[in-house]
Amino acid sequence: MPRLVGRAKRIPPPEPLRVLQLAPRHLSLLAYLVFDGPLGVKELAARLEVAPATVSLMVADLSRQGVLERREDDADRRRTIVSIAPAHERSVTDWLAAGGHAWKVAMEPLTAEQRRLFVETLRAYEREVTGQE
């Protein structure tokens, strides 16, 4: 596991993103937007398991850098929808989708039961490391 995480951390961002102030906490947020599309701040907070105020600060930071865009939800003006800015969409997607593709290739030969066991094992590891029950 440490080797896997170490290698993943060494994957450099694409050239257009290298000049930006991206921190590890931004990667998870960007990954959710790549794989799930535009999301509300509260949905991002729930997925990242942080307070909505924390997500708002991250989104504001990335919006100032031009990586993200915010807009009001047409159905609920109180809700803010966050998406990757078109200028950075291809770079962010290509960068983070490589990891998704690698997981797909690694998991493809497994049966549904083997995949379930793998995911449960990772969740058990996460619970143990974080002290959660």
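Residues numbered from 1 in each chain as written. Predicted model: local features only at pLDDT ≥ 70, side-chain atom pairs only at ≥ 80, totals over all residues. Heavy atoms only, no water.

A short note on the packing of aromatic side chains
The full count for this structure, using the stated rule, is 1 aromatic pair. Relative to Phe118, the ring of Trp103 lies with its centre 5.6 Å away and its plane at 55°, an arrangement referred to as tilted. Of this pair, Trp103 sits in helix 6 (residues 86–107) while Phe118 is found in helix 7 (residues 112–130), placing the two residues 15 residues apart along the sequence. The partly exposed category is assigned to Trp103, whose relative accessible area is 43%. (Phe/Tyr/Trp six-rings, centres within 6.5 Å; stacked < 30°, edge-to-face > 60°. Helix = DSSP H or I, 4+ residues; strand = E, 2+ residues; numbered from the N terminus. Buried < 20%, exposed > 50% of the residue type's maximum accessible area, 1.4 Å probe, protein only.)

Some remarks on the side chain of Asp73
Within the secondary structure, Asp73 sits in the loop between strand 2 (68–72) and strand 3 (80–84). For Asp73, the side chain forms a polar contact with the side chain of Arg79, separated by 2.7 Å. (Polar contact = N/O pair within 3.5 Å; in protein donor to acceptor, adjacent residues only side chain to side chain.)

Concerning a nonpolar patch on the surface
On the surface, a cluster of nonpolar side chains totalling about 660 Å² of accessible area is made up of Met1, Leu4, Val5, Trp103, Leu122, Tyr125 and Val129. The set of elements that each furnish at least two residues to the nonpolar patch consists of helix 1 (2–9) and helix 7. A per-element tally of the nonpolar patch places helix 7 first, with 3 residues. Turning to its location among the elements, Val5 is positioned in helix 1. Relative accessible area serves as the criterion here: at 36%, Val5 is assigned to the partly exposed category. (Patch = residues over 30% accessible without salt bridge, like charges linked within 9 Å, V, L, I, M, F, W, Y side chains within 5 Å. Areas by Shrake-Rupley, 256 points an atom, 1.4 Å probe, with all protein chains shown as cover. Salt bridge = Lys/Arg side-chain N within 4 Å of Asp/Glu carboxyl O.)

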